[in-house]
Amino acid sequence: QVQLVESGGGLVQAGGSLRLSCTASGRTVSAYDMGWFRQAPGKEREFVAAIRWFGGSTYYADSVKGRFTISRDNAKNTLYLQMNSLKPEDTAVYYCAARRGRVGVTSTTESYDYWGQGTQVTVSS
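We now turn to the structure provided with this report. Just so it is clear, the model here is predicted, and its values are computed rather than measured.

What follows is about the environment of Ala50. By the element assignment, Ala50 lies in strand β5 (residues 46-51). The exposure class assigned to Ala50 is buried, which follows from its relative accessible area of 1%. Along the chain, Ala50 and Ser111 lie 61 residues apart, while their C-alpha atoms are 12 Å from each other. Not counting residues up to four positions away in its chain, the partners in contact with Ala50 are Met34, Gly35, Ser57, Thr58, Tyr59, Ile70, Thr106 and Tyr112.

Structure, rendered in structure tokens:
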């Protein structure tokens, strides 16, 4: 069993920065691939970034490349998303997700087994 809790969301001006955190409970969490997704009002949930357990490879949606950085601290069972140069279109509820480390695509909601409850990020223009 894995439980995920997001934190760090809030209101920020365009061009500013936020760092989201996702704390995980349950043993063997360090052996999981993890990712961030977001969902804006009236839109479908979309992929933001992911990091694999094996090799630590990272993946980003084109819309956030060069601005967001995903990382993890396995000793603290914590996933991070550093968000810089924020834009109004980044406004959404951000969710962290986890799955047992394996090969295959990391950018679809269907490929993850566990989800947090989300944290709101609002970017003002």
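Our next topic: the state of the cysteines. Among covalent bonds in proteins, the disulfide is the one between the sulfur atoms of two cysteines. On inspection of all chains with the given rule, the structure shows one disulfide. With a sulfur-sulfur separation of 2.0 Å, Cys22 is cross-linked through a disulfide to Cys96. With the S-S bond torsion at 50 degrees, the cross-link from Cys22 to Cys96 turns out right-handed. Remark: Cys96 occurs in strand β9 (residues 92-100) and Cys22 occurs in strand β3 (residues 18-25); sequence separation between them is 74 residues. Judged by relative accessible area, which is 0%, Cys22 ranks as buried.

Cut-offs and rules
- Residues numbered from 1 in each chain as written.
- Predicted model: local features only at pLDDT ≥ 70, side-chain atom pairs only at ≥ 80, totals over all residues.
- Heavy atoms only, no water.
- Helix = DSSP H or I, 4+ residues; strand = E, 2+ residues; numbered from the N terminus.
- Buried < 20%, exposed > 50% of the residue type's maximum accessible area, 1.4 Å probe, protein only.
- Contact = heavy atoms within 4.5 Å.
- Disulfide = S-S within 2.5 Å.

Purely geometric numbers; function is a separate question.
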